[in-house]
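Chain residues, written in single-letter form:
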Amino acid sequence: MSTVSPPAKPEPVVAPWARPFWDAAAKGQLALQQCEDCSKFIFYPRVACPHCASERIAWRTASGRGTVYSYTVVENNAPSAFIADMPFVVAVIRLEEGVQMLSNIVGCDPDKLRCDMEVVVTFERLNDNFVLPKFRPASNS
Ligand SMILES: [Zn+2]
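Nothing here was measured: the structure is a model prediction, and the numbers come from that model. The residue count restarts for each chain, going from 1 along the sequence in the order it is written. Local features are withheld for residues below a pLDDT of 70 in this predicted model, meaning they are given only at 70 or higher, and side-chain atom pairs are given and counted only at 80 or more; totals for whole chains, interfaces and linings count all residues.

A. Molecular detail of the overall build of the protein. In DSSP terms, a helix is any run of H or I states spanning at least four residues, a strand is any run of E spanning at least two, and both are numbered starting from the N terminus. A count of helices and strands for the protein gives one helix and eight strands. Counting from the amino terminus, the protein carries its helices and strands in the arrangement α-β-β-β-β-β-β-β-β. In terms of principal-axis extent, the alpha carbons of the protein reach across some 60 × 30 × 25 Å. Between the buried cut of 20 or more and the exposed cut of 12 or fewer other C-beta atoms within 10 Å of a residue's own C-beta lies the partly exposed class, and all C-beta atoms are placed from the backbone. Taken over 141 residues, the protein has a buried fraction of 18%. Contacts here follow a simple rule: the backbone-placed C-beta atoms of the two residues must lie within 7 Å. Contacts spanning at least 24 positions in sequence make up 50% of the contacts within the protein whose residues lie at least 6 apart.

Structural data, given as structure tokens:
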């Protein structure tokens, strides 16, 4: 019997202006852009503020706290790099700073997940190049 090793997971495609987000993640920090003119937080990373079009944008370290806005549990998948992870949770997290982030929720029985559940960021190494921000229930801390 032969076994076929699954393909490697894809790496994020990083725009130059998003590099600080990934550099922070590699250090175990969640970084968000904040507009220096209207003070609103911005995610995903951009070159101009989506609220006021200002190009005066700074990077801040986020609290890492948020709540589950919506989620789905992936229980079936075509053969892929993710098949060993099933079931896994893909969720939209509403961060304290007011932006939303698509990520995974880990360290939680998918049956126990609920919308509005409090979560905190955690970091998982993808490979030598990337660390991925993910979230886990805050009550597990
Ligand atoms: Zn702005």
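There is more to say after this.
B. Fine view of the sheet that holds strand β1 (residues 31–35). At least two DSSP bridges between two strands are needed for those strands to be called paired. Taking strand neighbours across the sheet as the criterion, the three strands line up as β2-β1-β3 in an open arrangement whose pairing is antiparallel. Edge strands, defined here as strands with exactly one partner in the open sheet, are β2 (41–42) and β3 (57–61). Strand direction decides the pairing type here: β1 and β3, joined by five bridges, are antiparallel. Bridged to Gln33 within β3 is Trp59.

C. Here's a closer look at the domain arrangement of the protein. Note that domain bounds follow an automatic or database assignment of domains. Segmenting the protein into domains produces domain 1 (14–62) and domain 2 (63–141). Here domain 1 and domain 2 have C-alpha centroids that lie 21 Å from each other. Between domain 1 and domain 2, the residue contacts involve ten residues of the former and 13 residues of the latter. At the level of secondary structure, the elements contributing two or more residues to the side of domain 1 that touches domain 2 comprise α1 (19–26) and β2. Ranked by the residues each element gives to the side of domain 1 that touches domain 2, the list is headed by α1, at three residues. Classification used: nonpolar for Ala, Val, Leu, Ile, Met, Phe, Trp, Tyr, Cys and Pro, charged for Asp, Glu, Lys and Arg, polar for all others including Gly. A per-class count over the side of domain 1 that touches domain 2 returns nine nonpolar, one polar and no charged.

D. Inspection of the pairing of β1 at higher detail. Here β1 lies mainly inside the structure; four of its five residues are buried. Relative to β2, β1 runs antiparallel, the two sharing two bridges. The residue bridging Gln33 from the neighbouring strand is Ile42, located in β2. A loop of five residues connects β1 with β2, the two strands running antiparallel in sequence, and Ser39 in this loop sits at a positive phi of about 70°.

E. Region of interest: the pairing of strand β7 (residues 118–125). One ladder, built from three bridges, connects strand β4 (residues 65–74) with β7; its direction is antiparallel. Looking at β7, one finds that Arg65 is bridged to Val120. Inspection of the sheet shows β7 paired to strand β8 (residues 131–137) by seven bridges, in the antiparallel sense. What sits directly across from Val121, in β8, is Phe135.

F. Unusual backbone geometry, seen in detail. Each neighbour pair has its own omega, and for Phe43 with Tyr44 the value is 10°, a cis peptide bond. In this structure, Tyr44 sits in the loop between β2 and β3. Between Met86 and Pro87 the backbone carries a cis peptide bond, its omega angle lying at -10°. Structurally, Pro87 is set in the loop between β4 and β5 (88–95). Not every positive phi belongs to a glycine, and Ser39 is a case in point at roughly 70°. Along the polypeptide, Ser39 turns up in the loop between β1 and β2. For Ser39, a count of 10 C-beta atoms within 10 Å corresponds to the exposed category. At Asp116, a residue that is not glycine, the phi angle is positive and equals roughly 75°. One can find Asp116 in the loop between β6 (100–105) and β7.

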